[in-house]
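Tertiary structure, described
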Amino acid sequence: TAAVRAGVPTVISLSAGLRRAGAVLTIADLQAVLVQPVTIGCGAFGSASWRGSDWAKPFQTWISGQRMSSWVFRKPIHGDAHLVAWLEIRLWDSGAVEILPWVENGYLLVTGPTQKSATYTFTMGGTTKFSAAIDMLHHQRTPLVSGAATAHWLGTDPDLSVIHDTDYLQATGLVPTYLAKTPQTAAAITSLVTTFVPLQKGNFDNGNSMSGGGAANHIGLLPQWEAVHLTGPSATTYKGLILNAFSLGRYPIHYRDESDGNRWARLSQHPTLQTGREPEYGYTTTPATSGTVPPGWDFAHAPSAGYLAYLITGRSYFLDEVQAAASFTSMGIAYSWRQNGLGLFVSNGTGNTRHVAWGLRNLAQAIAATPDIDTTLLTEFRTQYGNNVTFYKNKYITAGNSSNPLRFVQDVDYNGSAGGNSDGFSFGAPWQQDYLTASMGYAMDLDMQLGGTLNADLTAFFEWHAPSVVGRLGFTGASEFLYRRYDAYTIATAPTDSPDYDGGTGPWYASWGACYDATFSGTWPEEGVGSRSYGPYLSRGSKVEGPLDNWYVTNTRSTSALAAIAYCVKHNITGADAAYQRMTSAANWEAIVADLDLQPLWGIAVSAMPMWSRRRKR
């Protein structure tokens, strides 16, 4: 027990020890406190109430402890086929009760999903704690909280912000390690949301979709608002990341399988089903929807969903978001593209390399977060990640692609597609390859325990792919790609419009130097189009040392290479140390670091690998 005062930080040190004497808090204890009904109302659609013996029927016992026990309850809204009321309840040994209520609108295969506009209410202890008009669209969910509250209390809300030792948290490998020390005056912190309205967009850059561009604040190994909590932790960043995790409910990714224990939809149970599409697309799809179309979830720009919020709160609600995102990101792909139940993320399409990176990131986070006792979902996620490892190993190592010095995975020809020509050359987006390198390096830190040879196979593919960033940070030699221009939006990847990736025969450039010469010849129409113009350095010029040509650094996407090279160094890739030193020894490096302090999204640091097991399961 710690004595705390309002507005005054209190440091609490934890250590391992024996469980204290005393009985575990049980359902009987909860029944003794919740003597009045707890009700979620959904206007004319109906309501759901819990009282008396209802408390003996939890959907899930989440935590059993002497200080606090927690349960999850659910009830369908009487008279509606889609709305479901949920409660996550914490009972504290003081007798205080903390409840996070929410409503979900939509199942996997129940027909007729549509919007449900109503006044939604939450009542406990004889008092209406929440009431608001909400236009709930299909497959959305939202907590029934508002303002600065993150839950409702029977008793006094202590309004605590628990700030973990974020240096320790980063050292575990569960989250990336960042270079930055972000001041509280930085816009990335002062702009964080401080209050909540159901289904608000929060700090997401685009309110109606996620396709606002690759430099958006939600795109990265973690979103910007979670990165700043690790680099400048405070009550403001704590509240901001929680409220932004609540905002994920606005996206229509919530497909619980009514025939599978209300788990999130699983590929193994529906190998040819595609979620979130209408029948005219020609796939086996979920039922047709009606009403207002919810904000779109863009696979190529998808965020990490609820992961850090779950790590620092332990709430089942946020684990739901982690798992729902992993499920939807997998099942929202056409079944022929993902190869049915294998759940592959395939890169050979427009923007698909980044789709692969974010799909694998969400899957890895779901593996890391899902408790060991949930063997069904944990096995599902591990199997799917393992399928992807096998696919990429077979395509790029077994098939002989090691003859390609660039080690790019297959992507669309950016020169041919955007420039509209067939010129005998292919251009690719190196920053998307960096996303994939960083995603895999991060996943290796998460200790996913894939089984068999799969962990070793993941390492092998990571080592195969790593030259895609290491090679771009070369020196001045004729066979090298000059480190100063590592951040080019697109680079020449093959001297043909249609290189053979499946058989590995290319043809490929003989060296990174040949790639560099072809990229900066100044003859490519693509490089003069709109935002992709290289401006003053279209021509190759001479290879000399100097500052980094960070033409895109104002949007920080070009520093995605920093995340990729940092993981290459951490995982002992040949040449990575020297490449990293070239990057970080450049004359303008300190200016880049100063920028990363203010917006740390891609500022991943090189640090020692964790020296202890990171499996923190229940």
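The model shown is predicted, which means the values in this text are computed figures rather than measured ones.

Remarks on the side chain of Asp320
Following the sequence through the fold, Asp320 ends up in helix H7 (residues 316–331). There is a polar contact of 3.0 Å between the side chain of Asp320 and the side chain of Arg141. Sequence-distant contacts of Asp320, defined by excluding residues within four places in its chain, comprise Trp102, Arg141, Arg256 and Trp264.

Overview of unusual backbone geometry
Along the chain, Gly506 connects to Pro507 via a cis peptide bond; the corresponding omega equals 10°. One non-glycine residue, Leu199, lies in positive phi territory at about 70°. Turning to its location among the elements, Leu199 is positioned in the loop between helix H3 (187–190) and helix H4 (224–231). Since its relative accessible area comes to 13%, Leu199 is described here as buried. Positive phi is not limited to glycine here, since Arg407 has a value of about 55°.

Looking at the pattern of salt bridges
Scanning all chains against the criterion turns up 17 salt bridges. With a shortest N-O distance of 3.1 Å, Arg141 and Glu321 are connected by a salt bridge. Residue Arg141 is found in strand S9 (residues 140–143), and its partner Glu321 is found in helix H7; the two are separated by 180 residues along the sequence. Both residues of the pair, Arg141 and Glu321, count as buried. Here Arg263 and Asp260 are joined by a salt bridge, their closest N and O atoms 3.0 Å apart. On the accessibility criterion, Arg263 (27% relative accessible area) is partly exposed. Each of Glu104, Arg141, Arg256, Asp320 and Glu321 takes part in salt bridges that share partners, so that together they form one network.

Some details on the pairing of strand S5 (residues 83–92)
Most of S5 sits out of view: 9 of its 10 residues are buried. Here 9 bridges tie strand S4 (residues 68–76) to S5, and the two strands are oriented antiparallel to one another. Paired with Met68 across the two strands is Trp92, which belongs to S5. Linkage of S4 to S5, two consecutive antiparallel strands, is achieved through a turn of 6 residues, within which Gly79 is found at a positive phi near 95°. With 9 bridges connecting them, S5 and strand S6 (residues 97–105) associate as antiparallel partners. Directly across from Ala85, in S6, lies its bridge partner Val103.

Examining the environment of Tyr489
Mapped onto the elements of the fold, Tyr489 is located in the loop between helix H13 (467–470) and strand S16 (491–494). Between the C-alpha atom of Tyr489 and that of Ala429, which follows or precedes it by 60 residues, the distance is 5.9 Å.

A closer look at the packing of helix H9 (residues 375–398) against helix H12 (residues 454–465)
Where H9 contacts H12, the two axes come as close as 9 Å, and the packing angle between them is 45°. The pairing of H9 with H12 is recorded here as oblique in orientation. Between H9 and H12 lies a crossing of left-handed hand. Across the interface between the two elements, Tyr385, Gly386, Val389, Thr390, Tyr392, Lys393, Tyr396 and Ile397 of H9 pack against Leu454, Asp457, Leu458, Ala460, Phe461 and Trp464 of H12.

Structural notes on the nonpolar core
In this structure, Trp297, Tyr307, Tyr385 and Ile565 are the most contacted members of the largest nonpolar core, which totals 147 residues. Residues contacting Tyr385, with those up to four places away along its chain left out, are Leu360, Leu363, Ala364, Ile367, Met440, Ala443, Met448, Leu450 and Leu458. Among the nonpolar cores identified, the runner-up in size contains 30 residues, and Phe73, Leu83, Val97 and Val103 belong to it.

As for the packing of aromatic side chains
The way to describe two aromatic rings as a pair is by their centre distance and the angle between their planes. As enumerated under the stated definition, the model contains 34 aromatic pairs in all. On the numbers, 5.7 Å between centres and 15° between planes, the contact of Phe461 with Trp464 is stacked. Here Phe461 and its partner Trp464 are both found in helix H12, 3 residues apart, which amounts to about one turn of the helix. Accessibility expressed as a relative area gives 3% for Phe461, which makes it buried. Feature note: the residues Phe59, Trp86, Trp102, Phe196, Phe246, Tyr317 and Phe318 constitute an aromatic cluster, connected by ring pairs. Lying over the aromatic face of Tyr317, Arg141 brings its terminal NZ or CZ to 4.0 Å of the ring centre. Above the face of the Phe520 ring, Arg485 is positioned so that its terminal group lies 5.1 Å from the ring centre.

Definitions and cut-offs
Residues numbered from 1 in each chain as written. Predicted model: local features only at pLDDT ≥ 70, side-chain atom pairs only at ≥ 80, totals over all residues. Heavy atoms only, no water. Helix = DSSP H or I, 4+ residues; strand = E, 2+ residues; numbered from the N terminus. Polar contact = N/O pair within 3.5 Å; in protein donor to acceptor, adjacent residues only side chain to side chain. Contact = heavy atoms within 4.5 Å. Buried < 20%, exposed > 50% of the residue type's maximum accessible area, 1.4 Å probe, protein only. Salt bridge = Lys/Arg side-chain N within 4 Å of Asp/Glu carboxyl O. Pairing = 2+ DSSP bridges. Axes fitted to C-alpha atoms, helices over the stretch in contact; angles between N-to-C directions. Parallel < 35°, antiparallel > 145°, perpendicular 65-115°, else oblique. Left-handed = near helix turned anticlockwise from the far one by under 90°. Core = buried A, V, L, I, M, F, W, Y, C linked by side-chain atoms within 4.5 Å. Phe/Tyr/Trp six-rings, centres within 6.5 Å; stacked < 30°, edge-to-face > 60°. Lys NZ or Arg CZ within 6 Å of the ring centre and 35° of its normal.

Don't take any of this as a statement about function, it's just geometry.
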